[in-house]
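Topology and contacts: notes
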Amino acid sequence: MEQRLALVTGVSGYIGGRLVPELLAAGFRVRAMARNPRRLRDRPWYGDVEIAEADAGDADQLRTAMEGVDLAYYLIHSLGTGHRFEARDRHNALTFGTAAREAGVRRIVYLGGLYPEGEELSPHLDSRREVGEILLASGVPVAVLRAAVILGSGSASFEMLRHLTDRLPVMVTPRWLSTRIQPIAVRDVLHYLVGSADLPAGVNRGFDIGGPDILTYRGMMQHYAKVARLNQRRIVTLPLLTPSLSSHWVGLVTPVPSSIARPLVDSLIHEVICKEHDIAKYVPDPEPGLIGFDRAVELALKRVQEFDVTTNWASASTPGAPSDPLPSDPDWSGGSLYVDERESVVRASPEQLWKVIEGIGGRNGWYSWRLGWWARGLLDRLFGGPGLRRGRRNPRDLSVGDPLDWWRVEEIEDLKLLRLQAEMRLPGLAWLELIVDQDAAGNTVFRQRALFHPHGLPGHLYWWAIKPFHGVIFGGMQRNIAHTVDTA
């Protein structure tokens, strides 16, 4: 029998990036859809899949992406993209459902959020509910899998839980810590996603999926502390701490920015417990059973400690974030382009210099004015940006598409070039290039370029306002990296 073709959206994100290898292992042909396929280049499964460049809101691009597709996974949401995310989610779902019907897709599988009936939902959960209903009405058989907190290394929910518990042995917390939640391990989510491909054609409905344990958020923190071998956390509930204040508090304490923490926190005010387990009639639970909370945390921490986090919440390409390619010509016809360029000869081999360059960021820092970087990162977080807390996926290795503090790896050429694009809040687009070169005498040369394409007058003012600090920031980086290499 010819292998079925599965289209997976959201492949640069947390679940999509993990679903692709599971589908390949199950015998599917996979077409990975992304707005920026270049960011998938270093994924281990890249050479085993078809690549479709498409935006979920573009009907023409979707028609091309869905040609010959039997099964489509809808793993897209606009979490953290601004106040109009509900309209964006609605438009994307309508466009996707219509394109799937016209292309003759036999089934759509959507991973949505678990929510209580009869309550006024948070905007995030209400949008998840609406997207599910839109897809169910598309004319294509749909399975909507509704999950609460997903436990796995790198998930936004797990990272929020982990950093809150690790960093705050004593906490004054909001009342949502007493809300009951039924979390589920990411392995079990992937099991149900793959299994839903074989649902009978007449099944067009939602299914609640959850793990075997029901806990309050407070209980989850205490269980996490026990598994992580931390002292029991002292938690005092403060009812006056509103969701808005809570999200800023979470944004300061954890790597999850307030723009993402806010919808997550808003959703935690609802009790999210499975009302049924009908999915088991069609997709049997995995052997030897669903993973409990403690075991899920243990598995996630093991991945974190072994630097084996395959996908991360920050891996996703966010709509509205800078994504334009770097202009290759300094006299870029697209508009103004400011450049700060520096170079120095180092007394080391290209391999030694590259080792330092590839290890930049995260705990190693940026080799220049630490207080300045810290202050700029804090300011970025206060305005909803990622700041410096995203860190690195792996302390020794970088791949295209990786988040790196407030940057994202746009291009990497081993032993030659590391190009980063800024995802901080800026009135323009910014890049940083770290280059290993050699001069005519065979000496190793370290070149560094900072580029900025301003948006309007605010962008130009921003560049000239920070230009006096370039000597400290970029000059310091140039000197300190060269010194680190020379003295290694």
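Look up a bit, the structure's there.
An account of the accompanying structure is given in this report. Remember, it's a predicted structure, so these values are computed and weren't measured experimentally.

Parameters at a glance
Residues numbered from 1 in each chain as written. Predicted model: local features only at pLDDT ≥ 70, side-chain atom pairs only at ≥ 80, totals over all residues. Heavy atoms only, no water. Helix = DSSP H or I, 4+ residues; strand = E, 2+ residues; numbered from the N terminus. Contact = heavy atoms within 4.5 Å. Areas by Shrake-Rupley, 256 points an atom, 1.4 Å probe, with all protein chains shown as cover. Axes fitted to C-alpha atoms, helices over the stretch in contact; angles between N-to-C directions. Parallel < 35°, antiparallel > 145°, perpendicular 65-115°, else oblique. Left-handed = near helix turned anticlockwise from the far one by under 90°. Nonpolar A, V, L, I, M, F, W, Y, C, P; charged D, E, K, R; others polar. Polar contact = N/O pair within 3.5 Å; in protein donor to acceptor, adjacent residues only side chain to side chain. Buried < 20%, exposed > 50% of the residue type's maximum accessible area, 1.4 Å probe, protein only. Pairing = 2+ DSSP bridges. Right-handed = clockwise from strand over helix to strand, strands pointing away. Core = buried A, V, L, I, M, F, W, Y, C linked by side-chain atoms within 4.5 Å. Expected span 1.5 Å × (residues − 1). Arc of directions from axis to C-beta. Salt bridge = Lys/Arg side-chain N within 4 Å of Asp/Glu carboxyl O.

1. Describing the overall build of the protein chain
Assigned secondary structure in the protein chain consists of 14 helices and 19 strands. In the protein chain, once contacts between residues fewer than 6 apart in sequence are set aside, the share between residues at least 24 apart is 74%. For the protein chain, the accessible area works out to roughly 21500 Å², and carbon and sulfur atoms hold 52% of it.

2. Some points on the packing of helix α7 (residues 217-227) against helix α10 (residues 293-305)
It is the contact of α7 with α10, at a shortest axis distance of 10 Å, that shows an interaxial angle of 55°. Judged on the interaxial angle alone, α10 and α7 are oblique. With respect to the hand of their crossing, α7 and α10 are arranged in right-handed fashion. Contact with α7, carried on its side by Met-220, His-223, Tyr-224 and Val-227, involves Phe-293, Asp-294, Val-297, Glu-298 and Leu-301 of α10 and no other residues of that element. Residue composition of the contact of α7 with α10, by class: 6 nonpolar, 1 polar and 2 charged.

3. With respect to the side chain of His-470
With respect to the helices and strands, the residue His-470 is situated in helix α14 (residues 470-486). A polar side-chain atom of His-470 sits 3.4 Å from a polar atom in the side chain of Asp-340. Not counting residues up to four positions away in its chain, the partners in contact with His-470 are Asp-340, Arg-342, Trp-463 and Gly-475.

4. Here's the deal with the pairing of strand β5 (residues 107-113)
The buried count for β5 comes to 7 of 7 residues, which makes it a mostly enclosed element. By the bridge criterion, 6 bridges tie β5 to strand β6 (residues 142-147) in an arrangement that is parallel. Counterpart to Gly-113 in the pairing with β6 is Ala-147.

5. Quick word on the sheet that holds strand β19 (residues 444-454)
Spatial ordering of the open sheet is given by β14-β19-β18-β17-β16-β15, a layout of 6 strands whose pairing is antiparallel. Every other strand in the sheet has two partners, leaving β14 (338-346) and β15 (403-404) as the edge strands with one partner each. For β15 and strand β16 (residues 407-413), the ladder comprises 2 bridges, and the chain directions are antiparallel. Residue pairing in the sheet places Pro-403 in a bridge with Arg-408 of β16. Strands in contact with helix α13 (residues 456-466) are β14 and β19; relative to β19, the strand with the most contacts, it is inclined by about 145°. In this fold α14 packs onto β14, β18 (428-438) and β19, with an angle of close to 25° to the strand it touches most, β14.

6. Observations concerning the pairing of strand β1 (residues 5-8)
Walk down a regular strand and you will see the side chains alternate between the two sheet faces. Going residue by residue along β1, you find Leu-5 and Leu-7 tucked away on one face and Ala-6 and Val-8 tucked away on the opposite face as well. In this fold, β1 hands off to helix α1 (residues 14-25), which returns the chain to strand β2 (residues 29-34); that crossover is right-handed. Bridge count between β1 and strand β4 (residues 71-74): 3 bridges; the pairing is parallel. Each residue of the ladder has a partner; that of Leu-7, found in β4, is Ala-72.

7. Here we look at the sheet that holds β4
With parallel pairing, the 7 strands of this open sheet are ordered in space as β3-β2-β1-β4-β5-β6-β11. Each having just a single partner strand, β3 (50-53) and β11 (205-208) make up the two edges of the open sheet. Across the sheet, the mean angle from the axis of one strand to that of its neighbour is 20°, orientation sign disregarded. Contacting β1, β4 and β5, helix α3 (residues 85-103) crosses the sheet at an angle of about 175° to β4. Sitting on the sheet, helix α6 (residues 186-195) touches β4, β5 and β6, and the angle it makes with β5 is about 155°.

8. Description of the nonpolar core
Ranked by internal contacts, the top residues of the largest apolar core, which has 38 residues, are Ile-15, Tyr-73, Leu-111 and Leu-193. Put simply, the parts of the chain that give this core at least two residues each are β1, α1, β2, β4, β5, β6 and α6. Setting aside chain neighbours within four positions, we find Ile-15 in contact with Leu-75, Leu-111, Ile-150, Val-186, Val-189, Leu-190 and Leu-193. Counting residues in each nonpolar core, the second largest holds 35 residues, with Val-149, Met-220, Val-272 and Val-297 among its members.

9. Notes on helix α12 (residues 370-382)
In this model α12 runs 18 Å from its N-terminal to its C-terminal C-alpha over 13 residues, within 8% of the 18 Å that 1.5 Å per residue would give. Of all the residues in α12, the buried ones are Gly-372, Trp-373, Arg-376, Gly-377, Asp-380 and Arg-381. Down the axis of α12, the buried side of the element spans an arc of 165°, and every buried residue falls inside it. Looking at α12, the residues exposed on the side facing more than 90 degrees away from the buried face are Leu-371 and Trp-374. Two residues or fewer after α12 comes Gly-384, characterised by a positive phi angle close to 90°.

10. Things to note about the pattern of salt bridges
Following the criterion strictly, the structure yields 31 salt bridges and no others. The partner of Asp-42 in a salt bridge is Arg-41, with the nearest N and O atoms 3.9 Å apart. Between Arg-205 and Asp-278 there is a salt bridge; the shortest N-O distance is 3.0 Å. Of this pair, Arg-205 sits in strand β11 while Asp-278 sits in the loop between α9 (258-267) and α10, and the two are 73 residues apart along the sequence. For Arg-205, a relative accessible area of 26% translates into the label partly exposed. It is possible to trace a salt-bridge network through shared partners that takes in Arg-146, Arg-205, Asp-208, Lys-275, Glu-276, Asp-278 and Lys-281.

11. Topic: unusual backbone geometry
Both trends apply: most residues other than glycine have a negative phi, and most peptide bonds are in trans. Cis geometry is adopted by the peptide bond preceding Pro-288, which originates at Glu-287 and carries an omega value of 5°. Counting through the fold element by element, Pro-288 comes out in the loop between α9 and α10. A positive phi angle, close to 60°, is found at Arg-229, a residue other than glycine. Of note, Arg-229 is situated in the loop between α7 and β13 (234-237). Overall, Arg-229 belongs to the exposed group, its relative accessible area being 78%. You will see that Leu-415, though not glycine, has its phi angle at about 70°, which is positive. Relative to the assigned elements, Leu-415 resides in the loop between β16 and β17 (417-422).

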